[in-house]
Amino acid sequence: GNISKMLDFYSQFNPSPLSIKQFIDFGLSACERKSFIFLRKELPVRLANIMKEIHLLPENLLKMPSVGIVNNLYATSFEDIMQFEKVDVNETTLDKFCQTLVKIRNRHKDIVETMAQGVLELKESHDVDAQTENNIQYFLDRFLMSRISIRMLINQHKLERCSQIRIVYVPSHLFHMLFELFKNSMRAIMEHHSSNAEYPAIEVIVSRGKEDICVKMSDRGGGIPRSQMDHLFKYMYSTAPRPTKTDAHTVPLAGYGYGLPVSRLYARYFHGDLVLQSCDGYGTDAIIYLKALSNEANELLPIFNKTSSKFYRTQVSTTDWSSHCGGGMATRQLRMS
Ligand code: W6P
C-alpha cells in the first residue's frame, strides 16, 4: 500500500552523517524549527534504510515471532513520522513532533532484547549454518548502529528544545562501554585469582593526542586464548542463560552477550574503535579509541544499497586457506556477559 511506496521512496536516499561539531552547532543555534525540517526527512530515511535490510534477513529468522514484532514497531514508527511529511511548521506541529519522538523512543526501548530473542528463537528451532550466522552478525551490527544513530537524533532534538548546549552521547555511550569493560575485567580477575586474598588492580590510562583520545584498561585476569578473541564480538556466541526481564533493565543487556559488540559499535559510531589484546595466562588490555576532534567525529552509518544487499547472498568463503588449528576452540563455549 501507501506505506510500502513511501518506504521505497525514502530508502533511495542515503542517510546524512552528522559530526559531533554539527551536533554541537545545532545545539548552540537551538533552532527547533531547523531541527524539525532536518529530522522529518532524515528519520524516515534512516528508518527506511534499515527496514529494507530487515527484509533481506534469512527467511527462517524473518519468520520468528520476535522479528515480526520488531518489523511492526518499525513500520508503526515510520508511519508516525509520515504524518509530518507535508504539514505547516508552527508551534503546534513542533509540540506534536516532539511528542511523537518520545513515543517512538519508548516504543523502541526494548527492541534490542526483542531482536536478541528472535535470534534465540531461531537458534532453538533451527540449525544455524555459518552463512546464516555471518548474515546475522552483519545485520545486527548495522541494525544496532542504525538504532544508536536514530536515538542520538531524537535525544539531540529533545535537548534543543529543553536547554542550551548539551551533548548526550558522551556520557551515556561512554558509560556503556566502560561499564562493560570493567565488568569483564573484574569477573576475569575474580575467577583467575579465586583463592587469593588480594586481587591485582585494573590499570586505566587515558591519553589525548592530536588525533585520538585513548582509554586503556589492563587487567591481570588470566587473559583469553587468541582463538577465542573473535568470538567475543559475535552476537550468536552468547551462551549465558537468559536473563529475566527485570535484569535487562538494571544492567545493560545482561546475559545476551551483546555487551562487547554493542560497546564497539558505540566507539565506532563516531569513527573510534574498541579493541582487545590478550596474553593468554596473564591478562587482557582493552582500548577505547575516540576521535579527539569534533569535526572528525562523524557518524558512521549503514547504507542500504546494492553492496549491502549483495552481502546477504554471498557465500562465506572457507576454501582459499587451509583450516584447522585443532583444539576444537570454535565450538567450545565461552561465558560472556
Ligand atoms: C578478560 C576478558 C575481557 C573482555 C573484555 C574486557 C576485558 C576482559 N578481560 O579476561
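Shown above is the structure to which this text applies.
Residues numbered from 1 in each chain as written. Predicted model: local features only at pLDDT ≥ 70, side-chain atom pairs only at ≥ 80, totals over all residues. Heavy atoms only, no water.

Draft legend 1. Region of interest: the overall build of the chain. When helices and strands are counted, the chain shows 12 helices and 4 strands. In the chain, which comprises 337 residues, the share counted as buried stands at 47%. The long-range fraction of contacts in the chain, counting pairs at least 24 apart against all pairs at least 6 apart in sequence, stands at 80%. (Helix = DSSP H or I, 4+ residues; strand = E, 2+ residues; numbered from the N terminus. Buried < 20%, exposed > 50% of the residue type's maximum accessible area, 1.4 Å probe, protein only. Contact = heavy atoms within 4.5 Å.)

Draft legend 2. Region of interest: the sheet that holds strand β2 (residues 212-219). Taken together, 4 strands build an open sheet; the order of strands is β1-β2-β4-β3 and the sheet is antiparallel. A strand with exactly one partner marks an edge of an open sheet, and here the two such strands are β1 (203-208) and β3 (273-279). Pairwise comparison of adjacent strand axes, ignoring direction, gives a mean angle of 15 degrees for this sheet. Summarising the sheet, β1 and β2 pair through 6 bridges and their orientation is antiparallel. Looking at the pairing, Ser207 lines up with Cys214 of β2. Of the strands in this sheet, β3 and β4 (283-291) touch helix α11 (residues 259-269), which is tilted by about 130 degrees from β3. (Pairing = 2+ DSSP bridges. Axes fitted to C-alpha atoms, helices over the stretch in contact; angles between N-to-C directions.)

Draft legend 3. Helix α6 (residues 91-107), seen in detail. Spanning 17 residues, α6 covers 24 Å between terminal C-alpha atoms, matching the ideal 24 Å at 1.5 Å per step. For α6, the complete set of buried residues consists of Thr93, Leu94, Phe97, Cys98, Thr100, Leu101 and Ile104. For α6, the arc enclosing every buried residue in end-on projection is 160 degrees, short of the 170-degree limit, so these residues lie on one face. Among the exposed residues of α6, those oriented more than 90 degrees off its buried face are Glu91 and Gln99. The N-cap of α6, judged by a side-chain oxygen 3.1 Å from the amide nitrogen of Thr92 a few residues on, is Asn90. (Expected span 1.5 Å × (residues − 1). Arc of directions from axis to C-beta. Polar contact = N/O pair within 3.5 Å; in protein donor to acceptor, adjacent residues only side chain to side chain.)

Draft legend 4. Layout of the site of the ligand. Neighbouring the ligand are Leu181, Asn184, Ser185, Ala188, Asp219, Ile224, Leu276 and Thr284. Within the contact set of the ligand, a nitrogen atom lies 2.8 Å away from a side-chain nitrogen or oxygen of Asp219. Considering the ligand on its own, with 270 Å² of exposed area, one finds that the protein chains cover 94% of that surface. Among the elements that line the shell around the ligand, the one with the most residues is helix α9 (residues 169-192), at 4 residues. Grouping the amino acids of the shell around the ligand by side-chain chemistry returns 4 nonpolar, 3 polar and 1 charged. (Near = heavy atom within 4 Å. Areas by Shrake-Rupley, 256 points an atom, 1.4 Å probe, with all protein chains shown as cover. Nonpolar A, V, L, I, M, F, W, Y, C, P; charged D, E, K, R; others polar.)

Draft legend 5. Region of interest: the side chain of Glu299. Position of Glu299 relative to the elements: it lies in the loop between β4 and α12 (306-311). Here the side chain of Glu299 touches Tyr269 through a polar contact of 2.4 Å, side chain to side chain. Discounting residues that sit within four places of it in the chain, Glu299 has contacts with Ser16, Pro17, Leu18, Phe23, Arg46, Ser149, Tyr269, Phe270 and His271.

Draft legend 6. Region of interest: the nonpolar core. Phe78, Leu140, Phe143, Leu144, Tyr258 and Leu276 are the most contacted members of the largest nonpolar core, which totals 76 residues. With 12 residues, the top contributor of residues to this core is helix α8 (residues 130-162). Sequence-distant contacts of Phe78, that is, excluding residues within four places in its chain, are made with Ile3, Met6, Leu7, Tyr10, Pro44, Leu47, Ala48 and Met51. (Core = buried A, V, L, I, M, F, W, Y, C linked by side-chain atoms within 4.5 Å.)

Draft legend 7. Just the pattern of salt bridges, in detail. Throughout the structure, instances matching the rule amount to 12 salt bridges. Each of the salt bridges in this network shares a partner with another, and the network as a whole consists of Glu42, Arg46 and Glu299. (Salt bridge = Lys/Arg side-chain N within 4 Å of Asp/Glu carboxyl O.)

Draft legend 8. Geometry of the pairing of β3. Inspection of the sheet shows β3 paired to β4 by 7 bridges, in the antiparallel sense. When the bridges of β4 are listed, Gln277 appears paired with Asp285. Between β3 and β4, which follow one another and run antiparallel, lie 3 residues, and Gly281 among them has a positive phi close to 95 degrees.

Draft legend 9. Structural detail: unusual backbone geometry. If you check the backbone angles, His271 has positive phi at about 65 degrees while not being a glycine. With respect to the helices, strands and loops of the structure, His271 is situated in the loop between α11 and β3. Taking relative accessible area as the criterion, His271 reaches 37% and is therefore assigned partly exposed.

Any link to function would need more than the numbers given here.
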